[in-house]
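Given next are the chains, with one letter for each unit.
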Amino acid sequence: MRKMRRKGLASMAVQTVASTTNSTVDLGPAAALSCRECGHRVPLGPVFACEECFGPLEIAYDFSAYDTEKLRASIEAGPANIWRYAPLLPVPADVAGKPNLNPGWTKLVKADNLAAELGVTGGLFVKDDSGNPTHSFKDRVVAQALEAARAFGFTTLSCSSTGNLAGAVGAAAARAGFRSCVFIPHDLEQGKVVMAAVYGGELVGIEGNYDDVNRFCSELIGDPAGEGWGFVNVNLRPYYAEGSKTLAYEICEQLGWRLPDQLVVPIASGSQLTKIDKGLQELIKLGLVEDRPYKIFGAQAEGCSPVSTAYKAGHDVVRPQKPDTIAKSLAIGNPADGPYVLDIARRTGGAVEDVTDAEIVDAIKLLARTEGIFAETAGGVTVGVTRKLIESGALDPAKTTVVLNTGDGLKTLDAVAGTGLTATIRPNLDSFRKAGLA
Ligand SMILES: *Cc1c(COP(=O)(O)O)cnc(C)c1O
Ligand SMILES: [Zn+2]
């Protein structure tokens, strides 16, 4: 089943590698690309699908030389951004000196007010990734893809995007001196469109949904028109995906080199959730955290819930859906990493759950009212799902729980459009008193 779905992508991937693979690239500890399904290894290059079985390629590392305590000390002495983890990422050793947006090291907020409201007693934290340079977690993944693009000699950065990625690519390209040309569904939120356009790159609206945009980009990669282009989430996807590991690293380091018991993570393509699990596994193997169980919970919007639908039905394949939700950043109807998300949720004892658009709006307001954090719709999805999982008993309120907020509410103002003035008064005390606010 998986094989057939990936066949088209793999043949394009093989074409690309033939023209651009360069075995002398310096990407630090990254040793090769390895197939997630069959383990087949190929040299580092701009390829993303296995030539043997069409499975997705991942970065394989050589961490064997690392001493745990020296590594911990070097991380702790590193910069307050993702490059403190450079020895665990597919980037050159001197990456901190290259022009990029230096994302990461965002706040892990101890959310005691929200915990009280939800009845969590074991410690509730919000990892607030709206604090990144373009106000979403996407700066982390783009920073890795940018280094791969430099290493492979690409000069144009591109992507298919549900909005946040377009802005992150535009900004990173501007700073690093790349051309950018990015593709989005034509009907995104104004905040996302403006944030993507302002950096001066080319922004193309496609008449269709994200899955149409992604299909178009796959075609473009196989065509001479796309030659020399680094698509951060297509032909550079193995590198891009590694950026999400930094969320796992930061959460554990900020908890004092400790694994949380439970994490609630949003799902669009499923890449972020999959790589958070990979990051936690690496920390365990490296001895940086104690090896003990953790549970990963996936969060979707009901209007685009292919993974939670499969989870609840007990399936291990994900049937595509046509998205219809205000959580546009998560509106991927055919998520590439869906089957892996199901594996991880089941293996760790987590779950995948979804919430309605109304519940998303409620959760955005709840987080804002209790913690002073204004989340985009994706944050409404994770907070809403957290509340639902506590009510159903799937999430243990007595355990340490980390909820991800991956984007900024200023980009999705329409979601809370009914929120506004408490009163309009004349500029005198009489009028103020009459409004009942004294
Ligand atoms: C892209 C995105 C995600 C997660 O995307 P994956 O494709 O699952 O890695 C989560 N939140 C926001 C706000 C995003 O833009
Ligand atoms: Zn394979």
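Everything quoted here is computed from the prediction, not taken from an experiment. (Residues numbered from 1 in each chain as written. Chains lettered and ligands numbered in written order. Predicted model: local features only at pLDDT ≥ 70, side-chain atom pairs only at ≥ 80, totals over all residues. Heavy atoms only, no water.)

Enquirer: Break down the overall build of the chain for me, citing the residues and quoting the values.
Expert: Within the chain, the regular secondary structure consists of 15 helices and 13 strands. Since a compact globule built from 438 residues should have a radius of gyration of about 22 Å, the 21 Å found for the chain is in line with a globular shape. Its C-alpha atoms give the chain principal-axis dimensions of roughly 75 × 50 × 45 Å. Of all 438 residues assigned to the chain, the portion counted as buried reaches 58%. When the accessible surface of the chain is totalled, it reaches about 17500 Å², and 52% of it is carbon and sulfur. (Helix = DSSP H or I, 4+ residues; strand = E, 2+ residues; numbered from the N terminus. Rg over C-alpha atoms; globule rule 2.2 N^0.38 Å. Buried < 20%, exposed > 50% of the residue type's maximum accessible area, 1.4 Å probe, protein only. Areas by Shrake-Rupley, 256 points an atom, 1.4 Å probe, with all protein chains shown as cover.)

Enquirer: Lay out the layout of surface pockets in plain terms, naming residues and giving numbers.
Expert: Looking at the second largest pocket, its volume works out to about 280 Å³. Lining the second largest pocket are 14 residues, and of these Glu 58, Lys 278, Gln 281, Glu 282 and Lys 285 lie nearest its centre. When residues of the lining of the second largest pocket are traced back to their parent elements, those giving at least two are strand 3 (57-61) and helix 10 (271-285). Top contributing element to the lining of the second largest pocket by residue count: helix 10, with 6 residues. Taken together, the residues that form the lining of the second largest pocket break down as 6 nonpolar, 2 polar and 6 charged. (1 Å grid on protein atoms, 1.4 Å probe; cavity = no way out; pocket = protein on both sides within 12 Å on 5 of 7 lines; lining within 4 Å. Points joined across faces, edges and corners; volume = space filled by probe spheres on them. Nonpolar A, V, L, I, M, F, W, Y, C, P; charged D, E, K, R; others polar.)

Enquirer: Which residues make up the confidence of the model for the chain, and what values do they have?
Expert: Of the residues in the chain, 95% have a pLDDT of 70 or more, and the chain-wide mean is 94. Scored below 50 in pLDDT, residues 1-22 shows 35 contacts in the model against residues more than four places distant or in partner chains. (pLDDT = per-residue confidence, 0-100. Contact = heavy atoms within 4.5 Å.)

Enquirer: Which residues make up unusual backbone geometry, and what values do they have?
Expert: The backbone of Phe 54 sits at a positive phi, close to 70°, despite the residue not being glycine. By secondary structure assignment, the location of Phe 54 is in the loop between strand 2 (41-42) and strand 3.

Enquirer: Which residues make up the nonpolar core, and what values do they have?
Expert: Soluble globular proteins tend to bury their nonpolar side chains together. Within the largest apolar cluster, 86 residues are counted, with the highest numbers of intra-cluster contacts made by Tyr 239, Ile 276, Leu 280 and Ile 296. A per-element tally of this core places helix 4 (residues 138-152) first, with 8 residues. Residue-level mapping places this core at the junction of two domains, with at least three residues from each of domain 1 (1-57) and domain 2 (107-135 + 242-416). Excluding residues that lie within four positions of it along the chain, Ile 276 makes contacts with Ser 244, Leu 247, Ala 248, Leu 263, Val 265, Ile 296 and Leu 404. The next biggest cluster of nonpolar side chains, apart from the first, holds 36 residues, and it includes Val 126, Leu 389, Val 403 and Ala 415. (Core = buried A, V, L, I, M, F, W, Y, C linked by side-chain atoms within 4.5 Å. Domains from an automatic or database assignment.)

Enquirer: A description of the pattern of salt bridges should follow, citing residues and the corresponding values.
Expert: Pairs can form between side chains of opposite charge whenever their charged atoms are close. Applying the stated rule across the entire model yields 27 salt bridges. In this structure, Arg 140 and Glu 250 form a salt bridge, with 2.9 Å as the shortest nitrogen-oxygen distance. You can see Arg 140 sitting in helix 4 and its partner Glu 250 sitting in helix 9 (residues 245-254), a full 110 residues away along the chain. Between Lys 192 and Glu 189 there is a salt bridge whose closest N-O contact spans 3.7 Å. (Salt bridge = Lys/Arg side-chain N within 4 Å of Asp/Glu carboxyl O.)

Enquirer: Account for the site of ligand 1, with residues named and values stated.
Expert: In the neighbourhood of ligand 1, 15 residues make up the surrounding shell, with Lys 138, Ser 269, Gly 270, Gln 272 and Thr 406 lying closest. When ligand 1 is considered free in solution it has 380 Å² of accessible area, and contact with the protein chains removes 98% of it. For the shell around ligand 1, the class distribution of residues is 6 nonpolar, 7 polar and 2 charged. (Near = heavy atom within 4 Å.)

Enquirer: Run through helix 7 (residues 210-221), naming residues and quoting values.
Expert: The terminal C-alpha atoms of helix 7, which comprises 12 residues, lie 17 Å apart, in line with the 16 Å expected from a rise of 1.5 Å per residue. Buried within helix 7 we find Tyr 210, Asp 211, Val 213, Cys 217, Ser 218, Leu 220 and Ile 221. Its side-chain oxygen at 3.0 Å from the backbone nitrogen of Asp 211, Asn 209 defines the N-terminal cap of helix 7. (Expected span 1.5 Å × (residues − 1). Polar contact = N/O pair within 3.5 Å; in protein donor to acceptor, adjacent residues only side chain to side chain.)

Enquirer: Help me get a handle on the pairing of strand 6 (residues 156-160), residues and values and all.
Expert: On a regular strand, each side chain points to the face opposite its neighbour's, so the side chains alternate between the two faces of the sheet. When you tally the buried positions in strand 6, you get 5 out of 5 residues, the bulk of the element. Where burial is concerned, the two faces of strand 6 agree: the one with Thr 156, Ser 158 and Ser 160 and the one with Leu 157 and Cys 159 are both buried. Between the parallel pair strand 6 and strand 7 (residues 179-185), the chain is carried across by helix 5 (residues 164-176), and the sense of this crossover is right-handed. Relative to strand 9 (residues 229-231), strand 6 runs parallel, the two being bridged by 3 bridges. In the strand pairing of strand 9, Thr 156 is matched with Trp 229. (Right-handed = clockwise from strand over helix to strand, strands pointing away. Pairing = 2+ DSSP bridges.)

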